[in-house]
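# Per-entry structural report
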Number of protein chains: 4
Amino acid sequence: MSYFDVPAIKYEGPKSKNPFAFKYYNPEEIVMGKTMKDQCRFAMSYWHTFTYMGKDPFGGDTMFRPWDNTADEMEKAIERVHAAFEFMEKMQIPFFCFHDVDIAPRAATLKETNERLDVIVKVIKEEMARTGIKCLWGTTNAFGDDKFVHGAGTSCNATVFAYAAAQIKKAMEITKELGGVNYVFWGGREGYETLLNTDTGLELDNLARLLRMAVDYAKEIGFEGQLLIEPKPKEPTKHQYDFDAATVMAFLRKYDLQDYFKLNIEANHATLAQHTFQHELNMCRINGMLGSVDANQGDPMLGWDTDQFPTNVYDTTLAMYEILLDGGFTKGGLNFDSKVRRGSFQEDDLFLAYIAGMDTFARGLKVAAALLEDKVFENFKAERYASYKEGIGYDIIHDRVGFKELEAYALENGVTKNTSGRQEMLEMILNQYIMEV
Amino acid sequence: MSYFDVPAIKYEGPKSKNPFAFKYYNPEEIVMGKTMKDQCRFAMSYWHTFTYMGKDPFGGDTMFRPWDNTADEMEKAIERVHAAFEFMEKMQIPFFCFHDVDIAPRAATLKETNERLDVIVKVIKEEMARTGIKCLWGTTNAFGDDKFVHGAGTSCNATVFAYAAAQIKKAMEITKELGGVNYVFWGGREGYETLLNTDTGLELDNLARLLRMAVDYAKEIGFEGQLLIEPKPKEPTKHQYDFDAATVMAFLRKYDLQDYFKLNIEANHATLAQHTFQHELNMCRINGMLGSVDANQGDPMLGWDTDQFPTNVYDTTLAMYEILLDGGFTKGGLNFDSKVRRGSFQEDDLFLAYIAGMDTFARGLKVAAALLEDKVFENFKAERYASYKEGIGYDIIHDRVGFKELEAYALENGVTKNTSGRQEMLEMILNQYIMEV
Amino acid sequence: MSYFDVPAIKYEGPKSKNPFAFKYYNPEEIVMGKTMKDQCRFAMSYWHTFTYMGKDPFGGDTMFRPWDNTADEMEKAIERVHAAFEFMEKMQIPFFCFHDVDIAPRAATLKETNERLDVIVKVIKEEMARTGIKCLWGTTNAFGDDKFVHGAGTSCNATVFAYAAAQIKKAMEITKELGGVNYVFWGGREGYETLLNTDTGLELDNLARLLRMAVDYAKEIGFEGQLLIEPKPKEPTKHQYDFDAATVMAFLRKYDLQDYFKLNIEANHATLAQHTFQHELNMCRINGMLGSVDANQGDPMLGWDTDQFPTNVYDTTLAMYEILLDGGFTKGGLNFDSKVRRGSFQEDDLFLAYIAGMDTFARGLKVAAALLEDKVFENFKAERYASYKEGIGYDIIHDRVGFKELEAYALENGVTKNTSGRQEMLEMILNQYIMEV
Amino acid sequence: MSYFDVPAIKYEGPKSKNPFAFKYYNPEEIVMGKTMKDQCRFAMSYWHTFTYMGKDPFGGDTMFRPWDNTADEMEKAIERVHAAFEFMEKMQIPFFCFHDVDIAPRAATLKETNERLDVIVKVIKEEMARTGIKCLWGTTNAFGDDKFVHGAGTSCNATVFAYAAAQIKKAMEITKELGGVNYVFWGGREGYETLLNTDTGLELDNLARLLRMAVDYAKEIGFEGQLLIEPKPKEPTKHQYDFDAATVMAFLRKYDLQDYFKLNIEANHATLAQHTFQHELNMCRINGMLGSVDANQGDPMLGWDTDQFPTNVYDTTLAMYEILLDGGFTKGGLNFDSKVRRGSFQEDDLFLAYIAGMDTFARGLKVAAALLEDKVFENFKAERYASYKEGIGYDIIHDRVGFKELEAYALENGVTKNTSGRQEMLEMILNQYIMEV
């Protein structure tokens, strides 16, 4: 049976007027030595695509899906699996990402919840075998249920910490079972609402303890996926502990966990922290911490996580630029942590939205590759920093000089004339590449 | 001779209607075992108080000071010293902070600039001896001059790096000469305008090199003051490398510099990073990194550094709360990195503004002390986190359990009921303390 | 029967340590010629207090109320009425505000929904008669249901416009029935998500049509309450048409509706528009458009509507200052459009939160009254603008001069010296009043 | 003599690698029935191009221009005229915009300042005659000088009001003399720093008086240019009275000035008010108030007016879309109120920056024209709002129904099913047009 009255999406090229076709994403086309499929490693987010029904803080559901048309929770969960794999097949999406609660409804007890997960995991494995679609990463939802009202690993309630640990244990097990190549930690409620009632020192120590246990358990069960932490500055809590990439790196280094984790950077989380998407990727890259990417976009005029499908080609170009400079994805990929707008409530909007996101990233990939192949910015930078290749600059970066030598140099030589940073010219060249590649 | 037709400012108590009197700051009053003077360690910022003439991006000077009434630059610099010490004496401010360029005008060459500094340092030392006023910290201005257009320690021009090093060397020497108990690094232009032309990896490595040289040089000359880094997220550059406390800690830990530096937290820089002032102080405190404080406030509706005098008693209370929890200042203090509004251009506004700032912090100190003495929040927190004192919580924080034990616990016990965080009640208690102390 | 195991809340004065007592709100105390009760005209918001269960975009309910402990929707609605009036009685809250859907659950058809409303309205009237509690205002919820996905009065679907009109008609009728003294329009989804699909011209014309119909209908049924529009800049839509007070005034004046509506100003909506609460009240006051107030506060570091209970005494002081300057409330009041934090999920938190809000406004009222009685700011302003009382200033404000006369004046006289705006001094005086009143 | 060692800039097409050539701006190419030159009506801003030397709040000049190489202020002013016209000629810019103080330095008295203006106006007229370059608009700078510290038309000092009026009088006269087709009012300091010392009612009344005098004087001297008001929400003052387009329209309608003024919309001012550039243009268009445009861009992550050259093709496309929908410019144009980055301090950066801005707008124009010619969004909207073309929708927009009729309709018919808003699809179509036109 089929849930979508939409044909399989195919590449038709940039001039196509068919809304249900790719204009830029041509999966087998080679870009910088790999197929676009392998460069992008697109993943579907199970939650936004199959459990988001349109609620927002001011209104209820707007999306009433045919596969949800049953009162039985487990039956619904199974039909969602079928719908999800039909969707991914038609969309040519090679990966999916999931929270435990996305695939199986939470039951009254942990034991029953885990049993439900086992049932659904079996169904998913069948669909994976049938389609060849793979799991990019799994995670647990330790923030939605009311027991997590004060956090999970940072809860003031030790029994909630224990419960969260148990959830993560199970989520890691099923991620392994599904062949997931990463496991993600997003601290949904790991943060505070007010410092008046919060012991941040204890809470952060506990968060580190939880992560250390995860490292140990991954080793114990032989899970070889990459562990990832996903920064976000705020929402739902007033202050999320994993504010941005730098904050997470400070935390990992403090607790000596930096060798066990990489980062999962989300575009909209970057902008909520007042960083560009590229900035966060760049910070990860120069620190060797770039793991994977949540591909979406926010509205820079709005202060909450809108999780829109990425349609800004500047952002996707500069993101792919950093990813390619980092050598491209190994375990990571581009997961669309994006949801259709509340007003895009028809089933076929799911296709149109993923096409928009995939095409925008595909275009970004091609532009980024061209910029790198032509060394447009790299040559400019090489010349701009050339003074560190010789003379006093060479001495500086080889740690041969201290304040006294540098003062002697400055007293003798003053400074060499600066040259323009050429920002406007570089921005226009970027425009030209975006439009002409 | 006297520049200010204002009498020495004295404490007259909360009911006084005299604008030129302290209502809350009573220097010798004991609060939590120390005089208010020793708890607050107030400092005057030389730059905002004696070199800010009212310019903003849309207009010129509005402040025409009698002590500037000479064309000779060095004469003017000397008169400023006299005016500054008269001001501090009358205001009962025990410390000052300065950049090199605040006290002596930059000359055509480094050599001459250094000679000018030596002349003024001598005058300052005389005034210090006369008045007993001390130096809280010194720093260099390596951002204003056009040679620093692309940064100082992170400049793409190696000769500018050398020049900045030479400036810091001299500034450390004169800070030592003046008995300064701290030396501050604020990376005025250490950041980027666009990633299109920036090698962030090299620039951050170089910034670390510069700081390492500073550590070495301090040791060499026997400077025993605390080295401090001051975070700021943006302005003047689009992205400042020292974005916030967490970012600086990530940087220090990466380059193994964490034992040599502490942080100088500025209220308005915190808010520009979308953090509360208390948050940044709290993060420093729990990491043992709280050095000193730049006392001002921003306007939460505005996106630039307004450097207003602090007049919000919530902010000063919660700041002093963290500082007292940290054991109070040792080397650090409260430096008013605050400038009178452009429309407060009269000389006596300097007094009114400092009174406002000092009184607001004094009130904050007294409220914070009362809250701590009554253990209002501390008792609430102790009870809130009590589950970590025994049972599974005790095992967690003593690293006796892993995922398997915690899962077993959760399967067996589920979770204990959460209790309310009581945010509204705590905020009202804070109000009561603020108004009734 | 009783739902709250909390005694009636009484005034115990500023030194009381009893969390369940008023410290500042003393209902019968006279402030500026009226009782505090009459100055404040506090109202309970039915929705946040009795229908908000703790959901947020990342998690489910945390508040499980005893009065909701039934599966029958209408029975639950009736129990909520009883709980609500018990709560208001114990809290000494003299007014309530409501949306239609708060009091009675939406049914399958408009007809049945209206019948349900009639049932509940009867119950409410009984409770009103029993307690003396009154209705400050009513409104309709034309934004939550999925039919309003593209707006109500600004929907692209004309049948949705008709449905919204029908809802408003009924809501106006029941507001009249309940003796409501105002009727509020908050355009929950009157805005746009993207201009790519939106005809803003038609949508705004239609919004004006809807309001004109409301004016006509109010007249027809003899509803003598004040009609109010409540501005909000964004959320849930990307851009709400009623962005702020100025935008609403531009709209009303364009469509010649300015004589029929006043504004309902919400503190948190002001801050989302980057205005202070006082600013929005001030703009209403000087335009004669101040109707009523939604009393809450946002977090200036967060970009969404947090609807917190107001606990910032600066904000309540300056708000009451504008309200008193406007002559005090006539029909309007202070409606707590505030919800307990998600972590304050206990029933008694409702009391603690309302106490915090009422006490903070009561303190603000007293401080504002003292400032006005002492003419602290009014005298300062009178002197500051004195140049318009005579000479060329008098001529200007009496429209006796034009450019030529003013040029002649300027050529002849130049400008008189400006004097300081004294911002810091005034802020400190405000502090003193807040703490010492 | 020549100040720029750069050849005249010519169109070389999208594939050109020559930085000193237009890639998209082909002045004589016909787009929607007019030449690109006539559609864009580009203007140079005299101030940012010839008086901005690189200062920012944290540093001094970085731009040292050959034409400024004289100590004589008037000589310098004359050389700037020559440099400016050489620049515009080489850039093929047909218009310029200016403040009085941009072209001639303020002298000690108003009389002398006016005489200086007359001298320079004569030089400019010669250059205009020689080159055919025209004046788009003039204005006065009534915000930079210290006399305007508390505002100009809204100053608390009546003699400052008079002085501002005199300045505007002269600026209108020279704008007329130079054949300017518009006169702009940007209220640089018309706003407030704190409400504690501000009588907003009087200040806004006075602002209206000033504008009324300007209308009268324009009539008196036969100035037939369009009068324009330029909104900005904040900076330099905390709150600027002309916050955004809606605020200005509310003001004009209140004081019955709406027939005499249109708006000059600046992109970066829009974003500072949390609006998109397109939003502000759209609001002007549907109110018949679109006058002219200040073409620049801000950084959405920064909270101040960065005045960057516009290089975002999304923004320029959607801006040109509104302008074309409005019928194209009549008197208005695209004035680059944009400054080169502080690090782009070389003379040739002026060319590169203007090329970037002009090319980005030219591309935007072509994309917008293609979207309009293909009726991409217009057809979508026509169908989306089709329900207002017949039946109950027709009755609504023809004012034939009220609440009773609409309730009857809703009771009888309920609502017609909504259809998707298709935001993602539309955003992707926009992408395709941007890249494939």
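Everything that follows concerns the structure shown earlier in this document.
Residues numbered from 1 in each chain as written. Chains lettered and ligands numbered in written order. Predicted model: local features only at pLDDT ≥ 70, side-chain atom pairs only at ≥ 80, totals over all residues. Heavy atoms only, no water.

All right, on to the relation of the copies chain B and chain A then. Superposition of chain B onto chain A requires a rotation of 180° combined with a translation of 0.0 Å along the rotation axis, giving an RMSD of 0.0 Å. This pairing of chains is accounted for by a two-fold axis. It is alanine 250 of chain B whose C-alpha, among those of chain B, lies nearest the rotation axis, at 1.9 Å. (Least-squares fit on C-alpha atoms with pLDDT ≥ 70 in both.)

Before going further, it helps to examine the pairing of strand S7 (residues 134–139) of chain B. Looking along a regular strand, one sees the side chains alternate between the two faces of the sheet. Residue and element names in this part refer to chain B. In terms of burial, S7 is largely enclosed, as five of its six residues are buried. For strand S6 (residues 95–99) and S7, the ladder comprises five bridges, and the chain directions are parallel. Its bridge partner lying in S7, phenylalanine 95 is registered against lysine 134. Examined bridge by bridge, S7 and strand S8 (residues 182–185) share two bridges and lie parallel to one another. Considered in S8, the bridge of tryptophan 137 is made with asparagine 182. Since S7 and S8 lie parallel, the crossover through helix H6 (residues 158–177) that links them has a hand, and here it is right-handed. (Buried < 20%, exposed > 50% of the residue type's maximum accessible area, 1.4 Å probe, protein only. Helix = DSSP H or I, 4+ residues; strand = E, 2+ residues; numbered from the N terminus. Pairing = 2+ DSSP bridges. Right-handed = clockwise from strand over helix to strand, strands pointing away.)

It is worth spelling out the interface of chain B and chain A at this point. Between chain B and chain A, the contact holds 98 residues from the first and 98 residues from the second. Between chain B and chain A lies a buried interface of about 8300 Å² when both sides are counted; carbon and sulfur atoms form 62% of it. Summed over the three residues of chain B that lose the most area to chain A, namely Leu196, Asn197 and Phe403 of chain B, the buried surface amounts to 11% of that side. If you look at where chain B meets chain A, you find six salt bridges. Applying the counting criterion to the chain B and chain A interface returns 44 residue pairs in polar contact (both at pLDDT 80 or more). Counted by class, the side of chain B that touches chain A contains 46 nonpolar, 30 polar and 22 charged residues. (Contact = heavy atoms within 4.5 Å. Buried area = accessible area lost by both parts, 1.4 Å probe. Salt bridge = Lys/Arg side-chain N within 4 Å of Asp/Glu carboxyl O. Polar contact = N/O pair within 3.5 Å; in protein donor to acceptor, adjacent residues only side chain to side chain. Nonpolar A, V, L, I, M, F, W, Y, C, P; charged D, E, K, R; others polar.)

Glancing now at unusual backbone geometry. That bond from glutamate 235 of chain A to proline 236 of chain A is cis: its omega, 5°, falls within 30 degrees of zero. Its place among the elements puts proline 236 of chain A in the loop between strand S10 (226–229) and strand S11 (239–240). In this structure, glutamine 274 of chain B is a non-glycine residue whose phi angle is positive, near 65°. Looking at the element boundaries, glutamine 274 of chain B is found in the loop between helix H9 (267–272) and helix H10 (277–286). Of note in the backbone geometry, arginine 422 of chain C takes a positive phi value of approximately 55° without being a glycine. The exposure class of arginine 422 of chain C is buried, given its relative accessible area of 14%.

Moving on to the interface of chain A and chain C. Between chain A and chain C, the residue contacts involve 30 residues of the former and 30 residues of the latter. The junction of chain A with chain C conceals about 2500 Å² of combined surface from both sides, 61% of it contributed by carbon and sulfur atoms. Among the residues chain A hides against chain C, the three largest losses belong to Phe58, Lys238 and Trp304 of chain A. Together they make up 26% of the total. For the pair chain A and chain C, the interface holds four salt bridges.

The next thing to look at is the environment of histidine 82 of chain A. Residue and element names in this part refer to chain A. Note that histidine 82 resides in helix H3 (residues 73–91). Relative accessible area serves as the criterion here: at 31%, histidine 82 is assigned to the partly exposed category. Along the chain, histidine 82 and valine 123 lie 41 residues apart, while their C-alpha atoms are 8.7 Å from each other. Setting aside residues up to four positions removed in sequence, histidine 82 forms contacts with Val123 and Glu127.

Our focus in this paragraph is helix H15 (residues 403–413) of chain B. Of the residues making up H15 of chain B, those classed as buried are Phe403, Leu406, Glu407 and Ala410 of chain B. Along the long axis of H15 of chain B, the arc covered by the buried residues comes to 100°, so they all point the same way. Summarising the contacts, the buried residues of H15 of chain B are in contact with helix H5 (110–131), helix H6 (158–177) and helix H7 (200–221) of chain A together with helix H14 (391–397) of chain B. Phi turns positive one or two residues past the end of H15 of chain B, at glycine 414 of chain B, with a value near 60°. (Arc of directions from axis to C-beta.)

Turning our attention to the pattern of salt bridges. Any two side chains of opposite charge can pair, on the condition that their charged atoms come close. All told, the structure shown has 116 salt bridges over all chains when counted by the stated rule. The shortest N-O distance in the salt bridge between glutamate 89 of chain D and arginine 130 of chain D comes to 3.0 Å. Taken as a pair, glutamate 89 of chain D in helix H3 (residues 73–91) and arginine 130 of chain D in helix H5 (residues 110–131) lie far apart in primary sequence, 41 residues in all. A salt bridge links lysine 170 of chain D to aspartate 118 of chain D; the shortest N-O distance between them is 2.7 Å. Within this pair, whereas lysine 170 of chain D is found in helix H6 (residues 158–177), its partner aspartate 118 of chain D is found in helix H5, the two being separated by 52 residues in sequence. What makes lysine 170 of chain D buried here is its relative accessible area of 10%. What makes aspartate 118 of chain D partly exposed here is its relative accessible area of 40%. Each of the salt bridges in this network shares a partner with another, and the network as a whole consists of Asp56 and Arg342 of chain A together with Arg189 of chain C.

Turning our attention to the packing of aromatic side chains. Applying the stated criterion across every chain, the model contains 110 aromatic pairs over all chains. Taken together, a centroid distance of 5.1 Å and an interplanar angle of 70° make the contact between tyrosine 183 of chain A and phenylalanine 185 of chain A edge-to-face. Between phenylalanine 403 of chain C and tyrosine 217 of chain D, the aromatic rings sit 5.8 Å apart at their centres with planes inclined by 50°, giving tilted as the arrangement. Of this pair, phenylalanine 403 of chain C sits in helix H15 (residues 403–413) while tyrosine 217 of chain D sits in helix H7 (residues 200–221), on two different chains. Lying over the aromatic face of tyrosine 52 of chain A, lysine 339 of chain A brings its terminal NZ or CZ to 4.8 Å of the ring centre. A cation over a ring is seen here: lysine 147 of chain B above tyrosine 163 of chain B, with NZ or CZ 4.3 Å from the ring centre. (Phe/Tyr/Trp six-rings, centres within 6.5 Å; stacked < 30°, edge-to-face > 60°. Lys NZ or Arg CZ within 6 Å of the ring centre and 35° of its normal.)

Superposing the two chain copies requires a rotation about an axis and a translation along that axis. Once chain A has been moved 0.0 Å along the axis and rotated by 180°, it coincides with chain C to within an RMSD of 0.0 Å. An overlap of 100% is found between the interface residues of chain A and their copies at the interface of chain C, pointing to a shared contact surface.

The next subject is the packing of helix H12 (residues 347–373) of chain A against helix H16 (residues 423–436) of chain A. All names here are of chain A. Closest axis-to-axis distance for the H12/H16 pair is 9 Å, and the angle between their directions is 125°. In terms of axis orientation, H12 runs oblique to H16. Crossing of H12 against H16: the hand is right-handed. Of H16, the residues touching H12 (which contributes Arg363, Val367, Ala370 and Leu371) are Leu430, Tyr433, Ile434, Met435 and Glu436. (Axes fitted to C-alpha atoms, helices over the stretch in contact; angles between N-to-C directions. Parallel < 35°, antiparallel > 145°, perpendicular 65-115°, else oblique. Left-handed = near helix turned anticlockwise from the far one by under 90°.)

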